[in-house]
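Residue-level structural notes
Now for the letters of each chain:
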Amino acid sequence: MRDQAMDRLLAALADLYGTEGRAEAIRTATLLRGGLGGDLWAAQPAPGFGAALVALAGAEGAHPLAALVAAALPVLPWGTNPADGRMSADAAKATASATLLGPTDPIRCDNLLLGLFWQRPDTYYALHNHDADETYVILAGGAEWQAGEDKRWRGPGEMIHHPSLMPHAFRAGPQGLLAAWRWSGDVNFQSYKMLPDPEAG
Ligand SMILES: [Fe+2]
């Protein structure tokens, strides 16, 4: 079905990634706009964290796009994480992804992906990496964010780029974390792996 809330979200994500300044981000934004008005969406079961996500999206300091995510919740396909099955049990329990654009997803593209990410409050998504280049944008809440050697608190509006194979890990704060992400470059899923991490466990 068509969904106006999803159209507003896709347009805002296109605008957001249009500001990233990388050719792959511009291509992703163009594909997102190509999905506007599409008959691509289906009603989805509410995720267990839905109420927490809506509350966080409406909290002071959230990026305006977070409210658009909350509005589109009835059709967001949570549980469509391309790395499912390769994450540690702890990481899989702490996080959820909704893939909106990719090889098998509502907006089709073989070599680019884009989705949303939720991390439960006070959880740790341990160190991992993958071949794909990745750019996250924090929409609501925040996390102590490790990207390579760079470790610091990241909050709404921050855009974080992980070049291919850069190790990254996120410790969500007491509110949890809502973010958008995109993949480009070598987007194979077999390369996704959890790395040795003394902070895990
Ligand atoms: Fe990643």
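Structural data are supplied above this passage.
These numbers were taken from a predicted model, which means no experiment stands behind them.

What follows is about the overall build of the chain. A tally of regular secondary structure across the chain gives five helices and nine strands. In the chain, the succession of helices and strands from N to C terminus is α-α-α-α-α-β-β-β-β-β-β-β-β-β. Expected size for 201 residues packed as a compact globule is a radius of gyration near 17 Å; at 15 Å, the chain falls within 12% of this value. Reported as C-alpha extents along the three principal axes, the dimensions of the chain are approximately 45 × 35 × 30 Å. The long-range fraction of contacts in the chain, counting pairs at least 24 apart against all pairs at least 6 apart in sequence, stands at 72%. Of the accessible surface of the chain, which amounts to about 8,600 Å², a share of 54% is contributed by carbon and sulfur atoms. Taking the average place of the 15 positive charges on the side chains of the chain and the average place of its 22 negative ones, the gap between the two points comes to 1 Å.

The next subject is the coordination of the iron ion. Those donors, H130 (NE2), E134 (OE), E134 (OE) and H168 (NE2), are the protein atoms that reach the iron ion, and they lie 2.1 to 2.4 Å from it. Coordination at the iron ion is irregular: its four donor atoms span angles of 56 to 139° at the metal. Written as a sequence motif, the donor residues of the iron ion are H-x3-E-x33-H. A residue pair is termed long-range when its members are at least 10 positions apart, and E134 in strand β5 (residues 133–147) and H168 in strand β8 (residues 168–184) qualify at 34 residues. Accessibility classification places E134 together with H168 in one group, the buried group.

For strand β4 (residues 124–129), the buried fraction is high: six of the six residues fall into the buried class. In the sheet, β4 pairs with β8 via three bridges, with the strands oriented antiparallel. Across the sheet, Y125 pairs through a bridge with F170, a residue of β8. Bridge analysis of β4 against strand β9 (residues 193–194) gives two bridges, and the strand direction is antiparallel. Bridge assignment links H128 to a residue of β9, and that residue is M194.

Between two packed helices, what matters for the description is the angle formed by their axes and the separation of those axes. Direction vectors running N to C along helix α1 (residues 4–18) and helix α4 (residues 64–71) enclose 150°, while the axes themselves pass 8 Å from each other. Overall, the two elements α1 and α4 adopt an arrangement that is roughly antiparallel. Between α1 and α4 lies a crossing of left-handed hand. For the pair α1 and α4, contact is made by A5, R8, L9, A12, L13 and L16 and by L65, L68, V69 and A71, respectively. In terms of residue class, the contact of α1 with α4 is built from nine nonpolar, no polar and one charged.

Enumeration according to the criterion identifies eight salt bridges in this entry. Ionic pairing is found between E199 and R171, a salt bridge with its closest N-O pair at 2.9 Å. Of the two residues, E199 is situated in the segment after β9 and R171 in strand β8; the sequence distance between them amounts to 28 residues. Owing to a relative accessible area of 35%, E199 belongs among the partly exposed residues under this scheme. Taking the relative accessible area as the measure of exposure, R171 reaches 35% and is therefore partly exposed.

Analysis parameters
- Residues numbered from 1 in each chain as written.
- Predicted model: local features only at pLDDT ≥ 70, side-chain atom pairs only at ≥ 80, totals over all residues.
- Heavy atoms only, no water.
- Helix = DSSP H or I, 4+ residues; strand = E, 2+ residues; numbered from the N terminus.
- Rg over C-alpha atoms; globule rule 2.2 N^0.38 Å.
- Contact = heavy atoms within 4.5 Å.
- Areas by Shrake-Rupley, 256 points an atom, 1.4 Å probe, with all protein chains shown as cover.
- Lys, Arg positive; Asp, Glu negative; His and termini not counted.
- Charge placed at Lys NZ, Arg CZ, Asp CG, Glu CD.
- Donors = N, O, S within 2.8 Å, 3.2 Å for Na, K, Ca; no water.
- Tetrahedral: all angles 85-135°; square planar, octahedral: opposite > 155°, others 65-115°.
- Buried < 20%, exposed > 50% of the residue type's maximum accessible area, 1.4 Å probe, protein only.
- Pairing = 2+ DSSP bridges.
- Axes fitted to C-alpha atoms, helices over the stretch in contact; angles between N-to-C directions.
- Parallel < 35°, antiparallel > 145°, perpendicular 65-115°, else oblique.
- Left-handed = near helix turned anticlockwise from the far one by under 90°.
- Nonpolar A, V, L, I, M, F, W, Y, C, P; charged D, E, K, R; others polar.
- Salt bridge = Lys/Arg side-chain N within 4 Å of Asp/Glu carboxyl O.

Structural measurements only, silent on function.
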